[in-house]
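Examining the three-dimensional arrangement
One letter stands for each residue in the lines below.
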Amino acid sequence: MKMPKKLVLTAGALLMVGVGSTYAWFTTSDADTLAVSMGELGVETNLDALSDEDGIDLEPGLVVESTGSIENTGSLYALVKLEDETSVTYKGTSEAVVAPENTVAFTFAPENDNYEDWDNGVIWYTDNNGGTYLLMDPSATLGLSVDADLNGETIDNSFMGAQVNFKVKTQATQALEGAVQSEFGITLEELKPYQVEGQSLNRAATDQAMAHLYEVMGRK
């Protein structure tokens, strides 16, 4: 008769142990950090100042020649868009306005005439609308040749005493396909090697320039 009672007490004791105990589980943890350093984007444009003789009392029909430079001051590949933002301030006015079409022209070219300058890391491209672009290596510098053309066939007396400001605008963005499409509104397929009017493109040079474009712009 005592046997069942003893079994009941034993079960109760086991139950109390189960409710009042805590367990020290085996655990482990680990962590690691992937640190990245962000690059910098920058472009600096300089045009050499004209001498007093070259910059005053100009007249229609003349072409003013000068030089300058464009430098990728950042640590990233950059696609740089070049634009002519020449303006004219007429005598008796104070506001600079866009010059009438075909009256003045500001053209720019590499000073060494090399549009695929692998040694200096600057390759010229154009788009379907005739825009001009430079694909520049980090820290690359371009020597620039500029011509300010005062068209004698279209400039009239309204230009007498006017101030003409020849200006090249440079806008740079990351040389990545998404960035270029967002900032310049063009796709990678729209860019092609720059072609000088009247000169034919070298097929091997063209292929090399396009391969470089896709290699740099298509990075992931």
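Our subject is the structure that appears above.
1. Some points on the packing of aromatic side chains
Tallied over the entire structure, the rule returns seven aromatic pairs. Summarising the aromatic geometry, the rings of Tyr 115 and Tyr 194 are spaced 4.9 Å apart at their centres and angled 5° between planes, so their arrangement reads as stacked. On the criterion of sequence distance, the pair formed by Tyr 115 in the loop between strand E6 (104-110) and strand E7 (116-117) and Tyr 194 in the loop between strand E13 (192-193) and helix H4 (203-217) is long-range, its members being 79 residues apart. Take Tyr 115: its relative accessible area is 17%, and that puts it in the buried class. Three or more aromatic residues joined by ring pairs make a cluster, and in this case those are Phe 106, Phe 108 and Phe 166.

2. Quick look at the nonpolar core
Counting 19 residues, the largest nonpolar core has Leu 82, Trp 124, Leu 134, Met 136 and Leu 142 as the members making the most contacts within it. Residue assignment for this core shows that the elements contributing at least two residues are strand E2 (63-72), strand E3 (78-84), E6, strand E8 (122-126), strand E9 (132-136) and strand E10 (141-150). Broken down by element, this core gets its largest block of residues, four residues, from E10. Core analysis: the next-biggest nonpolar cluster, separate from the first, contains 16 residues, Ala 175, Ile 186, Leu 213 and Met 217 among them.

3. Brief notes about unusual backbone geometry
Phi is positive for Asn 102, close to 70°, though the residue is something other than glycine. Structurally, Asn 102 is set in the loop between strand E5 (97-98) and E6. Unusually for a residue other than glycine, Asp 113 sits at a positive phi of about 65°. Overall, the relative accessible area of 62% leaves Asp 113 in the exposed class.

Conventions used here
- Residues numbered from 1 in each chain as written.
- Predicted model: local features only at pLDDT ≥ 70, side-chain atom pairs only at ≥ 80, totals over all residues.
- Heavy atoms only, no water.
- Phe/Tyr/Trp six-rings, centres within 6.5 Å; stacked < 30°, edge-to-face > 60°.
- Helix = DSSP H or I, 4+ residues; strand = E, 2+ residues; numbered from the N terminus.
- Buried < 20%, exposed > 50% of the residue type's maximum accessible area, 1.4 Å probe, protein only.
- Core = buried A, V, L, I, M, F, W, Y, C linked by side-chain atoms within 4.5 Å.

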